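Structural overview
For reference, the chains in residue letters:
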Amino acid sequence: MVSLRLMRAGELCFIPHSISISQSSVLGIPSRARRAHFAVSNNFPRFRVFSRIRGREAAVKDGERVDDVPVPLVRVPDLENSGQDPSSLVGEVGFDWKWPPWKNLAQRYKLIGTTSLAFVICNMDKVNLSIAIIPMSHQFGWNASVAGLVQSSFFWGYALSQLPGGWLSKMFGGRKVLEIGVLAWSLATAFVPVLAGYMPGLLLSRVLVGIGEGVSPSAATDLIARTVPLEERSRAVSFVFGGLSVGSVTGLLLAPPLIQNSGWESVFYLFGFLGLAWYLGFQLIKDEDEEPSVASVSFPRSQATYMDKSGDSSLEELGSTLKDVPWKSFFSNRALWAMVYAHFCGSWGHYTCLSWLPTYFSEELNLNLTEAAWVSILPPLASVFVTSLASQFADNLIINGVETTKVRKICQSIAFLAPAFCMTLSSVDLGLQPWEVVGILSSGLALSSFALSGLYCTHQDMSPEYASILLGITNTFGAVPGIVGVALTGYLLDSTHSWSISLFAPSIFFYLTGTVVWLLFASSKPQNFSKKDG
């Protein structure tokens, strides 16, 4: 038998659907050695290739075909030039099927899809402890202070890894850093049950989870900057970072029944396993040069050069390259400081609400714990839908010629003003029913997802080359509310016994001031930072 394949598009020739021919002109093999017969039934074309090479015969059937449609001729490529005796060849008959279905999908779409899936797992591992901490506290006798220490330890690693993650992503490429990040946080998550009885080990494991997840936003930003053109960027960023909302919903849905049926340990084992499975699956996506400098269509040539770099750097280059980063240009740029403050303001509202809304729903609205847990799913669930709408909205504006900076300002203003307005309504005594308050807050927090088409796209807009480092800078400041804001909210609540003052007032303040700063100083104009320090 010989190995056969359908001819490529440029090599196709067709013959009538019922004919017997000699293949000497097609296969380059003496006619006495081989003949082919093509017979098409009413429904199927049937190929029978008769071979006397070592006395073997094979029949191949193709898929459905309409009658009277020409049948493509098959051939053995390069047999004439192989220099081998055809009679000595042994192979098997087969066709190059297009499987799996995503085989011919553009490489950037494969990477964007798998990166979004990584972010789903990311937030699953972030929210699992917020649920598992209750049975863990009962088992190990932790008070609220110890439980708070365990939960905040995640943000220690998260804050510390932002700048290193951005620099490493620039040096080695976001894909490689993302792989290591997922592997690190998944292993650390799986080890939580083993280390739970030993406090230093438990805290270290949560710090490692924070480090692994902390490098991931910068890695994803670098990956998007390398592969996605401007007119697709809002959708790409929204799709990737929208995975965080999906992860929150998925984690909050899966963790309670898992804990109830299999113990709190099962959450960490299962979620850790999912991350390891993702890591192994990600290795199957091969690096391809199918779209060199795809993002370069939207950027100056000096920045487009960055897209073509492989991301491979020797250890000898690391020290000098770190010095080459234009830190002075970064911190003297007003637009960057606007991004820093906007990131801080957005994170204050996000992290404080993520931590305290379940308690607010339970105590202030008199919902039981089960109801409060289910209600807490509504904001991230609504965010999934808002994210897709916001990205389409932003990209359509850019495609229609609206200036990129104006688009980013519109989206980020919506992301700040909507939750500020909804929190104001919730904090004022208007005699609203609990379900009305839940609906208002969920709507406001969902609309904050417009930030994915605002702030979170601006890093790539300004500089694809340094996008990961820029996000590392802003995300470092954005992690501070996770450490300070959550604790301060609890302190204010103990002091004032007022949710309006402790939870909503600070968030409203930061949303409003963040809007002003963003509108005055934000910019998405490409910046060639590398030349400014020279």
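Residues numbered from 1 in each chain as written. Predicted model: local features only at pLDDT ≥ 70, side-chain atom pairs only at ≥ 80, totals over all residues. Heavy atoms only, no water.

**Description of unusual backbone geometry**
One non-glycine residue, His497, lies in the positive phi region at around 55°. Locating His497 in the fold gives a position in the loop between α19 (467–496) and α20 (499–521). (Helix = DSSP H or I, 4+ residues; strand = E, 2+ residues; numbered from the N terminus.)

**Here we look at the UniProt feature "transmembrane region" (unreviewed entry) in the protein chain**
Within this structure's numbering, the places UniProt gives as "transmembrane region" (unreviewed entry) are residues 180–198, 236–255, 267–285, 336–357, 377–398, 438–457, 469–493 and 499–522. Between the end C-alpha atoms of residues 236–255 there is a gap of 29 Å, over a span that is 100% helix and 0% strand. (UniProt positions renumbered as here; feature names shortened; annotations may be inferred.)

**Some points on the packing of helix α8 (residues 230–262) against helix α18 (residues 455–462)**
Running from N to C, α8 and α18 point in directions that differ by 135°, and their axes come no closer than 10 Å. Judged on the interaxial angle alone, α18 and α8 are oblique. Like other packed secondary-structure pairs, α8 and α18 cross with a definite hand, here right-handed. Every residue of α18 that contacts α8 at Leu230, Arg233, Ser234, Val237 and Phe241 is listed here: Tyr456, Cys457, Gln460 and Asp461. Split by residue class, the contact of α8 with α18 holds 5 nonpolar, 2 polar and 2 charged. (Axes fitted to C-alpha atoms, helices over the stretch in contact; angles between N-to-C directions. Parallel < 35°, antiparallel > 145°, perpendicular 65-115°, else oblique. Left-handed = near helix turned anticlockwise from the far one by under 90°. Contact = heavy atoms within 4.5 Å. Nonpolar A, V, L, I, M, F, W, Y, C, P; charged D, E, K, R; others polar.)

**A closer look at the environment of Ala196**
Counting through the fold element by element, Ala196 comes out in the loop between α6 (192–195) and α7 (199–227). In sequence terms Ala196 and Met136 are 60 residues apart; their C-alpha atoms lie 8.2 Å from each other. Discounting residues that sit within four places of it in the chain, Ala196 has contacts with Met136, Phe140, Trp142, Leu202 and Trp264.

**Details of the state of the cysteines**
Should the sulfur atoms of two cysteines be covalently bonded, the bond is a disulfide. Tallied over the entire structure, the rule returns 0 disulfides. Here Cys457 is not cross-linked by a disulfide; its sulfur's nearest cysteine counterpart is in Cys411, at 8.0 Å. (Disulfide = S-S within 2.5 Å.)

**Focus: the packing of aromatic side chains**
A full pass over the atoms with the stated rule returns 22 aromatic pairs. On the basis of an interplanar angle of 75° and a centroid distance of 5.4 Å, the ring pair of Phe330 and Tyr466 is categorised as edge-to-face. Remark: Tyr466 occurs in the loop between α18 and α19 and Phe330 occurs in helix α12 (residues 327–331); sequence separation between them is 136 residues. Accessibility assignment for this pair places Phe330 and Tyr466 in one class, buried. Aromatic pair Phe509 and Phe510: ring centres 5.2 Å apart, planes at 70°, arrangement edge-to-face. Given a relative accessible area of 14%, Phe510 falls into the buried group. (Phe/Tyr/Trp six-rings, centres within 6.5 Å; stacked < 30°, edge-to-face > 60°. Buried < 20%, exposed > 50% of the residue type's maximum accessible area, 1.4 Å probe, protein only.)

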